[in-house]
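Each chain, letter by letter, is given below.
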Amino acid sequence: MIPRNTIQLGDCIKLMQRLPEKSVDFVLTDPPYLVRYRDRHGRTVANDDNADWIQPAFNEVYRVLKPDSFVVSFYGWNHADKFLEAWRNAGFRIVGHLVFRKAYSSSRRYLLAQHENAYLLAKGHPQYPRSALPDILPWSYTGNRHHPTQKPLLPLQNLIKSFTKPGDLVLDPFCGSGSSLVAACRLKRDFLGMELDADHHFTSTMRLATVTTPG
């Protein structure tokens, strides 16, 4: 039986290999961007220094996802070619692109960094959602209290609400502090998280223990 409403500690490739094929309804994930990220507190992201995991991880995502279903995956824009190649090689069709607009700058180099990106990927040919989301969505600052690249809940909830129904299983194989899982839980979706870093696994587990679904 597939585990539900839990967060597993370990390598997501090995953990997904234990799951039956075609068992997950939706994947929402924020994998490492391959940029060797380190925040001002010295916090890092596991496997952010290599691309060896991308293809085998998304091969498994494709295998465990049900036919005619979606994946939303964030990605590092400066390594978009690696992500796009891996997704296509795994079998996904690229059916949409999302931009999350920030009211602040997360960095300043040649340009002010004021957005995040994600792709909408399809396995097969899913039906169009009843109410389509705009491809530009708002973003709020989390303070990165739980994780160095923590995502806000509202846009994650909007994505889950658009592409799933209550009782569906949402998988995040790179769950970090568990924001996607919190969003799923609040919408009465089941969740399965996977996290390689033991500290982040502990944080996400504690965080989900306090979440209650709306009545």
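Preceding block: the structure.
Quick caveat, the model's predicted, so the values are computed rather than measured.

**Notes on the overall build of the chain**
And then number 1: Tallying secondary structure elements over the chain gives six helices and eight strands in all.
And then number 2: Along the chain direction, N to C, the helices and strands of the chain fall in the order β-α-β-α-β-α-β-β-β-α-β-α-β-α.
And then number 3: In terms of C-alpha radius of gyration, the chain reaches 16 Å, essentially the compact-globule figure of 17 Å for 215 residues.
And then number 4: Projected onto the principal axes, the alpha-carbon positions of the chain cover approximately 45 × 35 × 35 Å.
And then number 5: Burial status across the chain gives 51% buried among its 215 residues.
And then number 6: The long-range share in the chain, meaning contacts at least 24 apart out of those at least 6 apart in sequence, stands at 72%.
And then number 7: For the chain, the exposed area adds up to about 11200 Å²; of that, 51% sits on carbon and sulfur atoms.

**Concerning the side chain of His201**
And then number 1: Tracing the backbone shows His201 in helix α6 (residues 198–209).
And then number 2: Under the relative-accessibility criterion, His201 is labelled buried at 16%.

**As for the side chain of Lys151**
And then number 1: Relative to the helices and strands, Lys151 resides in the loop between β6 (136–138) and α4 (153–163).
And then number 2: A distance of 2.6 Å separates a polar atom in the side chain of Lys151 from a polar atom in the side chain of Asp30.
And then number 3: Non-local contacts of Lys151, meaning those with residues more than four positions away in its chain, are made with Asp30, Tyr33, Phe74, Glu116, Trp139, Thr142, Leu156 and Ser179.

**Quick word on the layout of surface pockets**
And then number 1: Looking at the second largest pocket, its volume works out to about 420 Å³.
And then number 2: Surrounding the second largest pocket, 16 residues form its lining, Pro129, Ser162, Phe163, Thr164 and Lys165 being those nearest its centre.
And then number 3: Broken down by secondary-structure element, the contributors of at least two residues to the lining of the second largest pocket are β3 (65–74) and α4.
And then number 4: Grouping the constituent residues of the lining of the second largest pocket by class yields five nonpolar, five polar and six charged.

**What to know about the nonpolar core**
And then number 1: Counting residues in hydrophobic clusters, the biggest one holds 32 residues, and the most contacted among them are Val24, Trp53, Trp87, Phe92, Leu171 and Met194.
And then number 2: Mapped by element, the contributors of at least two residues to this core are α1 (12–17), β2 (24–29), α2 (54–64), β3, α3 (80–90), β5 (115–123), β7 (169–172) and β8 (190–195).
And then number 3: Among the elements that line this core, the one with the most residues is α3, at six residues.
And then number 4: Grouped together as the second largest cluster of nonpolar side chains are 30 residues, Ala122, Leu159, Val170 and Val182 included.

**Here's the deal with the pairing of strand β4 (residues 93–101)**
And then number 1: Of the pairings in the sheet, the one linking β4 to β5 comprises eight bridges and is antiparallel in character. In the sheet register, Gly96 faces β5, and the bridge partner there is Leu120.

**Notes on unusual backbone geometry**
And then number 1: In this model, Asn47 sits at a positive phi of 60°, which is unusual for a non-glycine residue.
And then number 2: Within the secondary structure, Asn47 sits in the loop between β2 and α2.
And then number 3: Phi is positive for Lys188, which is not a glycine, with a value near 65°.
And then number 4: Since its relative accessible area comes to 42%, Lys188 is described here as partly exposed.

Quick notes on the rules
Residues numbered from 1 in each chain as written. Predicted model: local features only at pLDDT ≥ 70, side-chain atom pairs only at ≥ 80, totals over all residues. Heavy atoms only, no water. Helix = DSSP H or I, 4+ residues; strand = E, 2+ residues; numbered from the N terminus. Rg over C-alpha atoms; globule rule 2.2 N^0.38 Å. Buried < 20%, exposed > 50% of the residue type's maximum accessible area, 1.4 Å probe, protein only. Contact = heavy atoms within 4.5 Å. Areas by Shrake-Rupley, 256 points an atom, 1.4 Å probe, with all protein chains shown as cover. Polar contact = N/O pair within 3.5 Å; in protein donor to acceptor, adjacent residues only side chain to side chain. 1 Å grid on protein atoms, 1.4 Å probe; cavity = no way out; pocket = protein on both sides within 12 Å on 5 of 7 lines; lining within 4 Å. Points joined across faces, edges and corners; volume = space filled by probe spheres on them. Nonpolar A, V, L, I, M, F, W, Y, C, P; charged D, E, K, R; others polar. Core = buried A, V, L, I, M, F, W, Y, C linked by side-chain atoms within 4.5 Å. Pairing = 2+ DSSP bridges.

So far we have only geometry, and geometry alone does not tell us how the molecule works.
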